[in-house]
Every structure is written in C-alpha cells, then in structure tokens.
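# Remarks on the overall topology
Listed below, chain by chain, are the residues.
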Amino acid sequence: MALIDVARRPSKRGPLGSGGAGWVLSLPALLAVAGLLILPIGQAVYYSMTNWNGQTATWIGPRAYLNLFQDPTFLRVLENNGLLLLAMPFAIIVPLAIAFLLHEEIWGWKFFRSVVFIPTAISWVIIGLVAAQFYAVKGILNGMLSSVGLGFIKTDMLGNTHQAIFAIAITLIWSQLGTNTIIFITGLAALDPTLAEAGRVDGASSFRIYRKIIIPQMMRFIQFAFVITVLTAFTAIFSLIFVMTGGGPNYGSTTLEFYVYQQAFNQGDFGTGALLGVLLFVLVATVSVIQIRLLRVKT
Amino acid sequence: MTAILNEVPDSSHGDEDLVDVRQRRIRPARIVLFLIMAGVAVVMLYPFFYMVDNSFKTQAQYEGAKSGFSLSSWHLLFSSEPILRELLNSLIVSAGAVFCVVIISTAAGFALAKIRFRFRTVVFLAIVSCMFVPLPSIIIPEFINVAKLGLLQTYWGAIIVYAALGLPFSIFLMTTYFRGIPDELIEAASVDGVPFTKMWWSLGIPLARPAIFTVAVLQFIQIWNDLLVGLLFLENTDDRTVTVGLALLSSGRVASVPVLMAGAVMSVIPPIVVYILFQKYLVRGITMGMGK
C-alpha cells in the first residue's frame, strides 16, 4: 500500500548532478511546508504551555498538561473520541461486504460501484445537513418508525447528551462506506486469484473461501482502512459535528478536534486550544507510526 | 507502488472461465446479492433524493400541511443568501489553491524523484511526514500567523493555507509518479543540454498529466468541501465560500429546511460534476493514500 512508501527512502536512481536545480525546484515546497505546517506545530507546542487569550500570554509550563486532566469536560471529550471507535467494526465490515459483492460482479456492479463512491465527493457539511434532518424529532427516522407502526418510539438522538455522539458515529459509517469500499476493491483486484480458484476446485463454499482464503490476504488493506477511518473520525469531522450538533448537548458530541475550536474560537482560550491540538497531534502520530511499522513488518 | 497508481482498481480480474463457473452454480444466490446491493444503493442515494425533493417545497409543504411542488424556496435562497457570490468565492479559492499545489508539487516531485542532490532524502521525508499533521492541531498558530501577515479575510490567506495542507500528499504522489518514469527520458534531455529547472516544465509536466489530474481532482473536492479554514479565514459575508455559507445558515437553526436543501443542491453540483467526469482519478488518489 502506498503509505508504506512514506518510510522508504527515495531510490538512488535518477540522473546525477545538477544539485542546484534540485534545490531550486524543491524550495517552494520546502518553504511552504516549513512555514505553514512545521513552524505552526512548534508554535502550538509553545502556546500549549501558556495561558493565552490571543493577545497576552503568560507562561505556565508543562503543568498545563496536568491541569487539563483535572477538567471533567476534557475527560468527557476523550470519552467521546473513544465512543467513536465503536463505529469502526461497522465502518470496516459493511464496506468489506460491499466490496465482495462488487467483486462478484453481480448484475449492475459498475453502477453500484459509482453509487457507493459518491459520498467521497460530498462535503461533511452537506452530509451533516441531511443527517440532521434524518435524526430530527419530526425527521426521516421518526417518520420511518411511525410508518411501520413503531410511532411510539420517539427518537431525539441529537437532543440527547448521551446519544448525540452515536448519531455522529452512524453518519460517519455512512460517509466512509465509499472510501473503504474503494480500498477493499483495490485489495481484491490485487489478490492472487489462483488460491481462491484452488479452494473452489476443492469444493469449498463461497463463504469458506472468503473467510479462510480471501480475508487473510486482505488483512493489510483492512488495517489500512481502519487507520484511515480512525484518523478521519479524530481529525476530519469538525464540519459534521458543527452542522449536526455544534458539539452538544452539553459537550455530548464534542470530540478533541471540536474542543480545540470551542476553546480557542468560542471561549478565547488559545492556550488550552493549542494544548488540545498538540495532544491530538501526538495521538495521530502514534497511530500513524504504528500503522507504518506494522505494514513494514509484513511486507 | 507505482503499480497501484497506474492501474484503475477495477475488480474485473480477467478470469472469464472462473466467473462463468460461479454464475452457473449460484444463480438464485446472485439474485439475493443483487437485492442486497440495491438496498445499499437506496441508502446511499436517498439523501440526494431528499435534498432535491425538499428543495422544491415550501415550508408548509415540507411540514406536510400541503402537498405539491413549488419554486418558492429557490427564490428565497437567491434573495436571502448571496449564494452565487459564495459559489464564485469557492471557485476562486479552490482554483487558486489547486493551481499552487499543482505547480509546487510537480516541481518538487520532479526534483525529488529525478535529480540527485544533497539532503534529498531528508527533504523528501520532512515534506511527506507532514501528511500526518492534523489541521486542528495547527489551526490556532496558523490563524495568528495569517492575521499577522494581514491576510485574514482575503482570498490569499485561505489559498496559502489550503495549498500548504494539500502539498505533502500531492508531493508524495508526484514523486511516486515521477519515479515510475524511465531515467533515460531525462538523461536524453540533459544530454541535449536542457537545464533541469526547464525540464520540469517542458518534460515533467506533460509526462505527469495523469498524476496532475489526480492531485487536482482530489484537492478541488477537499477544498471545496472544507469548512474550518473558510470559517476562520474568510469570515466576511462577501468573501465566504458556499460551504461556510451553508453551515452558518444551518447553525442559525431558524432557516427553513427547503431553503437549506436548495442551497445544498447548489453547492453539491460542482463536486458531483467533477466526480462524474474524473471518477477514475479520484479513486486513484484515494487508493494512493488518504481520501477526504
């Protein structure tokens, strides 16, 4: 998979000399990345140890990190991040099943493939707008329930501090279907077909072939999809939360990423915002490094 | 890994006999599978139907008091929201950032893949490892820095931030792509005396067209759909993008749902068109690493 290459050195091939030209051509990229990505990380680490409202900063030091863990809201936010992980099995298994179906080339599979991929082109804001209507008190979900005679179950997931995060998680599963299905279809296309064929000749059922032969070969793709989905859940659904719940009710759907925004830009506490951002960075870097290590060992 | 870049992930494995055997054996099962897939398709498509359907209703029709279709929500959208201006803003910002990303990433990718220079590996790893920097982690310093440069509430502020965020992955993709191009092509040109800096433009860009499409499509969709940067860096009503406009309209909680849905339909058209035209490139980009 592509990301393995990140850890691999560039090949030693390539024409010799002209070192100057190499620098000239990579300089704009280097400057942009250094100034707009690397420098801000350094700044964030510094700001994270200050009490800072955007104008005046006073130094607190590493103690700022300890203080944060005393904050019950912060613990709630961490818990919400943890709860999002409950979506992961579904976000993997459903696309895997869809990829198997498409791979079987059932009738109309090319059409279905395009349909399943569509959410990858749609913004979280739009997804959130429609999802909010889905969960609304007078929304689609309650409409469906009452039309099958279950009208007495009145759901209000977005208005419930313990359920809002699950509404977000379910929406996340829907919108990741496309991305993860693409990953699995790529994986299936790259499989060695002779193994499955051998299984079939031996009279194994389709189910057994998938379970014993295909899924084991798919493990690295499953792992890759898992990491991508975790990273998305932790760092890329700000807009979904913003539109669906605004982080509420009562921080019920605030994740670390959303808490950064709330602390800094709603409450003007830039220092705590920066600290939360640094924690998020450490979390993401850890997940990514583990991912690269695991993939490298296996390949 | 260029193999992945070069092949469209079609699930057709070219093993015709195998498919035939399977089809003959489990035909009734295939009907069930088809029905399951059709159910999935309904779940995937229903939100779009919902958007379009409700955008052609009045508030009363949406609430179910009346039936029928109406254009009044569309009228209301155009009269109450600067939606065309917002679409234009989205276009300017996305196109500007995509242009910057394509120019900078082809240059760097060409150099990192094809020219040997000191610290090349270090430069490559430094740039590419920034792929893992999450936007929320740097958004606060970024906001302060852009404000200090006086670029808040200007297109340029948003464009440079979007471009920087897109660069690591794009450069990774370009470098991988250029590595797959035979050195002989570059050597031949350098024997002819073409300087490397010129070669990037005259040889590199034409050769990298598929990778450029992938980068451009992926970045366009990502930037068009982003909320956070737009929300903070383009706050003024006149400057904001359509995604920001819609998010703010919805967070007001007073907006009529049919008007919101009309706005959603408008904002979804450009990425859907890009998706339909360039699906192949988008798929390629996602399987190269990270998607949206």
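Residues numbered from 1 in each chain as written. Chains lettered and ligands numbered in written order. Predicted model: local features only at pLDDT ≥ 70, side-chain atom pairs only at ≥ 80, totals over all residues.

## Considering the overall build of chain B
The helix and strand tally for chain B stands at 15 helices and zero strands. Counting all 292 residues of chain B, 51% fall into the buried class. Partitioning the intrachain contacts of chain B with sequence separation of at least 6 by distance along the chain shows that 78% fall at a separation of at least 24. (Helix = DSSP H or I, 4+ residues; strand = E, 2+ residues; numbered from the N terminus. Buried ≥ 20, exposed ≤ 12 C-beta atoms within 10 Å, placed from the backbone. Contact = placed C-beta atoms within 7 Å.)

## Considerations on the overall build of chain A
When helices and strands are tallied, chain A shows 14 helices and two strands. C-alpha extents for chain A along the principal axes are approximately 75 × 75 × 30 Å. Per-residue burial for chain A yields a buried fraction of 46% across its 299 residues.

## A few points about the interface of chain B and chain A
Taken together, the contact between chain B and chain A spans 101 residues of the former and 87 residues of the latter. Residue contributions to the side of chain B that touches chain A peak at 14 residues, all from helix α15 (residues 257-288) of chain B. Split by residue class, the side of chain B that touches chain A holds 70 nonpolar, 19 polar and 12 charged. (Nonpolar A, V, L, I, M, F, W, Y, C, P; charged D, E, K, R; others polar.)

## Concerning unusual backbone geometry
Residues and elements named next belong to chain B. Of note, the phi angle at F119 is positive, near 65 degrees, even though the residue is not glycine. Examined against the element boundaries, F119 turns out to sit in the loop between α6 (83-114) and α7 (120-129). The class for F119 is exposed, based on 12 C-beta atoms found within 10 Å. Even without being glycine, Q153 reaches a positive phi, approximately 60 degrees. Mapped onto the elements, Q153 comes out in the loop between α8 (135-148) and α9 (155-179). Judged by C-beta crowding, with 16 C-beta atoms within 10 Å, Q153 ranks as partly exposed.

## Some thoughts on the domain arrangement of chain B
All names here are of chain B. Per the domain assignment, the segments making up chain B are domain 1 (11-75) and domain 2 (81-288). Of note, the centres of domain 1 and domain 2, computed from C-alpha atoms alone, are 31 Å apart. At the interface, 10 residues of domain 1 touch eight residues of domain 2. Going through the elements one at a time, α3 (27-55), α4 (59-62) and α5 (72-80) are the ones with two or more residues in the side of domain 1 that touches domain 2. Among the elements that make up the side of domain 1 that touches domain 2, the one with the highest residue count is α3 (four residues). Residue classes in the side of domain 1 that touches domain 2 are distributed as four nonpolar, five polar and one charged. (Domains from an automatic or database assignment.)

## As for the nonpolar core
Counting residues in each nonpolar core, the largest one holds 181 residues, and the members touching the most others are V161(B), Y162(B), A163(B) and A164(B). Looking at this core, the element that brings in the most residues is α9(B), giving 16 residues. Taken domain by domain, this core gets at least three of its residues from each of domain 1 (11-75) and domain 2 (81-288) of chain B. Setting aside anything within four residues of it in sequence, one finds A164(B) in contact with A32(A), V33(A), L36(A) and L37(A). (Core = buried A, V, L, I, M, F, W, Y, C linked by C-beta atoms within 7 Å.)

## Quick notes on the packing of helix α4 (residues 88-103) of chain A against helix α8 (residues 164-189) of chain A
All names here are of chain A. Where α4 meets α8, the axes come as close as 8 Å, and the angle between the chain directions of the two elements is 50 degrees. Considered as vectors, α4 and α8 are oriented oblique to each other. In this structure, the crossing between α4 and α8 has a hand that is right-handed. Between α4 and α8, the residues in contact are F90, A91, I92, V94, P95, L96, I98, A99, L102 and H103 and L172, I173, Q176, L177, N180, T181, F184, I185 and L188, respectively. Here the contact of α4 with α8 is built from residues that sort into 15 nonpolar, four polar and no charged. (Axes fitted to C-alpha atoms, helices over the stretch in contact; angles between N-to-C directions. Parallel < 35°, antiparallel > 145°, perpendicular 65-115°, else oblique. Left-handed = near helix turned anticlockwise from the far one by under 90°.)

## Comments concerning the packing of α6(B) against helix α14 (residues 242-251) of chain B
For any two helices packed against each other, the geometry is given by the interaxial angle and the distance between the axes. All names here are of chain B. Two elements in contact, α6 and α14, have axes whose closest approach is 7 Å; the angle formed by their N-to-C orientations is 135 degrees. By the angle between their axes, α6 is oblique relative to α14. Along the contact surface, α6 presents I83, E86, L87 and S90, while α14 presents V242, T243 and G245. Of the residues belonging to the contact of α6 with α14, the class tally is three nonpolar, three polar and one charged.

## Overview of α4(A)
Compared with the 22 Å implied by 1.5 Å per residue over 16 residues, the 22 Å span of α4(A) between its first and last C-alpha is a close match. Within the sequence span of α4(A), burial applies to A91(A), I92(A), P95(A), L96(A), I98(A), A99(A), F100(A), L101(A), L102(A) and H103(A). Here the buried face of α4(A) lies against α5 (109-117), α8, α10 (206-217) and α11 (219-235) of chain A together with α3 of chain B. In the stretch just after α4(A), E105(A) is the one whose phi turns positive, near 55 degrees. (Expected span 1.5 Å × (residues − 1).)

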